[in-house]
Amino acid sequence: MYEAGSLIRSLTGRPAARNYHAYVINEIGLGIVSGAHAVGSLLASDAAMMEQYGVSRTVLREAIRTLEAKGLVEARPKVGTRVTPKSRWNFLDPQVLAWHFHAPPDPQFYHSLFRVRGAFETPLAELAARHRTAEHVRLMKFWLHQMATSGDSVQQAGLGALEVHSIIAESAGDVLLRAVVGVTELTLALALTRESALAGAEYRRQSLEFREQLVTHIEFGRADEAVRLIESCRQLDRAQVLGREAAVKPAGSVR
């Protein structure tokens, strides 16, 4: 099972598969999302893929079933395994999203990511300010500390930010809105590895500052201010990924 945070943990290198099943899923899925396996094309035969990946037919078929569940392929007897149209892909699947990190840059897709993140995060911030517990606040402050002490570690800074957003989603208590965490992780990973708007250190400094204010507003139940700050976090990330065309709204100070 794919775990949240896996993409950010892999930023210093390609992630290592935990087993052959995961390896085959990752290789084929990444090939599809990156365009190496074009939409509508047939994958190689089972025999060819078994030889290519060094796995048994059982492992290969389990991997294909997993990719079918993600909407990426359709396997038919005597026909083969075909890459499905993008309209059938499960774009909220965290692993499908993570594969897009390694795909060629696609500004249109990036704009879509931030639109979805905005649609989900606004109600999450409001709900979190109303329903957070002392334990949620404690955990968010722990991860803020991880961000503050990350130094040059992109992974630590990114994981800290992602965990803050994950705890906000958890504290909101809405299981459907929580699906945005995979989108948030991809946009954070993209922002952390780009220098189109701000140098990496300056981006991470502002990222921490905005999220510190966000957590303070959530802690004290200031729903409107929490919504404003989570928008500032998103705009900062958006500007880093898409450039200066995405203006960053000032966060202001915590009252």
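The structure under discussion appears in the preceding block.
Some remarks on helix α7 (residues 134-148)
- Spanning 15 residues, α7 covers 21 Å between terminal C-alpha atoms, matching the ideal 21 Å at 1.5 Å per step.
- Where α7 is concerned, the buried positions are His136, Val137, Met140, Leu144 and Met147. With its buried residues spanning 95° around the axis, α7 presents them on a single face.
- In the core, the buried residues of α7 are packed alongside α8 (154-172) and α10 (200-219).

Points about empty space enclosed by the protein
- Summed over the entire model, instances satisfying the criterion amount to three cavities of 30 Å³ or more.
- In this model, the largest cavity occupies a volume close to 50 Å³.
- Of all the secondary-structure elements, those providing two or more residues to the lining of the largest cavity are α6 (107-131), α8 and α9 (181-192).
- Residue composition of the lining of the largest cavity, grouped by class: six nonpolar, two polar and one charged.

Notes on the pattern of salt bridges
- Scanning the entire structure with this criterion turns up 16 salt bridges.
- Arg205 serves as the salt-bridge partner of Glu202, at 2.7 Å between the closest nitrogen and oxygen. Taken as a pair, Glu202 and Arg205 lie in helix α10 at a separation of three residues, close to a single helical turn.
- Its relative accessible area of 43% is what places Arg205 among the partly exposed residues.
- Salt bridges here are not isolated pairs; linked through shared partners, they connect Arg117, Glu121, Arg211, Glu231, Arg234 and Asp237.

Quick notes on the rules
- Residues numbered from 1 in each chain as written.
- Predicted model: local features only at pLDDT ≥ 70, side-chain atom pairs only at ≥ 80, totals over all residues.
- Heavy atoms only, no water.
- Helix = DSSP H or I, 4+ residues; strand = E, 2+ residues; numbered from the N terminus.
- Expected span 1.5 Å × (residues − 1).
- Buried < 20%, exposed > 50% of the residue type's maximum accessible area, 1.4 Å probe, protein only.
- Arc of directions from axis to C-beta.
- Contact = heavy atoms within 4.5 Å.
- 1 Å grid on protein atoms, 1.4 Å probe; cavity = no way out; pocket = protein on both sides within 12 Å on 5 of 7 lines; lining within 4 Å.
- Points joined across faces, edges and corners; volume = space filled by probe spheres on them.
- Nonpolar A, V, L, I, M, F, W, Y, C, P; charged D, E, K, R; others polar.
- Salt bridge = Lys/Arg side-chain N within 4 Å of Asp/Glu carboxyl O.

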